[in-house]
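Letter by letter, the chains look like this.
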Amino acid sequence: MIQLFHVYKTYGRHRVALEDITLRIEKGEFVLFTGPSGAGKTTLLKLLFALERPDSGQILIQNRNVGRLKESELPYLRRTIGFIFQDFKLLQKKTVFDNVAAAMQIAGASPAEIRRRVSEVLGSVGLEHKKETLPSMLSAGEQQRVCVARSIVNHPTILLADEPTGNLDADLTADIFDLLKNINAKGTTVVVATHDREVVSRVQRRVVALKHGKVMDGGA
Ligand SMILES: Nc1ncnc2c1ncn2[C@@H]1O[C@H](COP(=O)(O)OP(=O)(O)OP(=O)(O)O)[C@@H](O)[C@H]1O
Ligand SMILES: [Mg+2]
């Protein structure tokens, strides 16, 4: 359902970020993009979300050519994809509930539907009791769970997560990956970028290893 054919991406004139990436990710798969800093993990996720465009090559998501979508077609693509950003922050002046609800308001859901779904999704990450709390009153792990809740509230078919456990300790990291595995078990395709080798060995899912913008292992 996600296919890349000979994808190249260069920033500016010389900074080659991705070189000849050919990759196929099936519907319902759980894939880890790994590799050292600068390998191209974030760039690859951004191409899938159409935040960046490839210089050449093709990216197909559900048979749509994502690299060539018009601006007007992007909202539809992004409604079907959840994204947890590497440096994504919660809105500090809004409650946990409002942070998650904002994603549904943008998608045009009704207030009743928003109340129901936000409670459900906060329940699934174990934070329903914190819904009136401000992010600054939460632990790092709780804040990251709010980010997970926000990314799945619109029932995405694909979830992209960039270093979702970057600043968390081993226990909290395990919690987040349990959540991501649960989301995957319900049918969402999950793609996670991480440079953390310990995470990779513990999560035990398909690994696509990147280095200097190329797939070293796990492609196809
Ligand atoms: N906006 C940008 N402008 C110029 N060069 C960029 C930009 N974003 C990334 N790069 C370069 O592209 C290459 C790949 O970067 P990318 O962020 O995809 O790596 P990464 O694997 O996610 O690294 P990290 O583990 O540090 O997050 C690097 O050489 C980086 O310097
Ligand atoms: Mg990155």
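Above this text sits the structure in question.
Keep in mind the model is a prediction, meaning the values are calculated, not measured.

About the thresholds
- Residue indices follow the written sequence of each chain, beginning from 1 at its first position.
- Just so you know, chain letters begin at A and ligand numbers begin at 1, following the order they were written in.
- Given that the model is predicted, a residue must reach a pLDDT of at least 70 before its local features are reported, and side-chain atom pairs must reach 80 or more before they are shown or counted; all residues, however, enter totals for whole chains, interfaces and linings.
- When DSSP finds at least two bridges between two strands, those strands are taken to pair.
- Each helix is a run of DSSP H or I of at least 4 residues and each strand a run of E of at least 2, with the numbering of both proceeding from the N terminus.
- Helix axes use the C-alpha atoms of the stretch in contact, all axes being lines fitted to C-alpha atoms, and the angles between their N-to-C directions lie in the range 0 to 180 degrees.
- Distance between backbone-placed C-beta atoms decides contact: two residues are in contact if it is within 7 Å.
- Think of a nonpolar core as buried Ala, Val, Leu, Ile, Met, Phe, Trp, Tyr and Cys residues chained together by C-beta atoms that fall within 7 Å.
- Here exposure depends only on C-beta density: within 10 Å of a residue's C-beta, 20 or more other C-beta atoms make it buried, 12 or fewer make it exposed, and intermediate numbers make it partly exposed, the C-beta atoms being placed from the backbone.
- Should the C-beta atom of a residue, placed from the backbone, lie within 6 Å of a molecule or strand, that residue is near it.
- Asp, Glu, Lys and Arg are counted as charged, while Ala, Val, Leu, Ile, Met, Phe, Trp, Tyr, Cys and Pro are counted as nonpolar; the rest, among them Gly, fall into the polar class.

A.B. asks: What is the right way to look at the sheet that holds strand E9 (residues 206-211) in this model?
C.D. replies: Adjacent strands of a sheet pair through backbone hydrogen bonds, lying either parallel or antiparallel. Read across the sheet, six strands follow the order E6-E7-E8-E3-E9-E10 without closing on themselves; strand pairing throughout is mixed. Both edges of this open sheet fall to strand E6 (81-84) and strand E10 (214-217), since each of them pairs with a single strand only. Each strand axis lies, on average, 20 degrees off the axis of its neighbour in the sheet, ignoring direction. Two elements, strand E3 (residues 30-34) and E9, share four bridges in a ladder whose sense is parallel. The residue bridging Thr-34 from the neighbouring strand is Ala-209, located in E9. Contacts from helix H6 (residues 170-185) reach E3, strand E7 (158-162) and strand E8 (189-193), with the element oriented near 150 degrees to E8.

A.B. asks: Just checking my understanding: could you explain the sheet that holds strand E1 (residues 2-11) for this structure?
C.D. replies: Pairing is antiparallel in the open sheet, where four strands are placed in the order E2-E1-E4-E5. The outermost strands of the open sheet, each flanked by one partner alone, are strand E2 (15-25) and strand E5 (64-65). For strand E4 (residues 56-61) and E5, the ladder comprises two bridges, and the chain directions are antiparallel. Bridging across to E5, Ile-61 finds its partner in Arg-64.

A.B. asks: Could you clarify how one ought to interpret the nonpolar core in this entry?
C.D. replies: General note: in soluble globular proteins, nonpolar side chains tend to be found buried as a group. Core analysis: the largest hydrophobic core is formed by 59 residues, its most contacted members being Leu-48, Val-100, Val-118, Ala-149 and Leu-160. Per element, the largest residue contribution to this core is six residues, and it comes from helix H3 (residues 96-106). For Leu-48, the residues in contact, after removing those within four places along its chain, are Ile-2, Ile-59, Ile-61, Val-66 and Leu-160.

A.B. asks: When you look at the environment of Met-137 in this model, what are you seeing that I'm missing?
C.D. replies: Of note, Met-137 is situated in the loop between helix H4 (111-124) and helix H5 (140-152). C-beta crowding within 10 Å serves as the criterion here: with 11 such atoms nearby, Met-137 is assigned to the exposed category.

A.B. asks: When you look at the site of ligand 1 in this model, what are you seeing that I'm missing?
C.D. replies: Taken together, 14 residues form the shell around ligand 1, and within it Tyr-11, Ala-17, Ser-37, Thr-42 and Thr-43 come nearest. Looking at the shell around ligand 1 element by element, the count peaks at three residues for helix H1 (residues 41-48). Residue composition of the shell around ligand 1, grouped by class: three nonpolar, nine polar and two charged.

On their own, these measurements won't tell you what the molecule is for.
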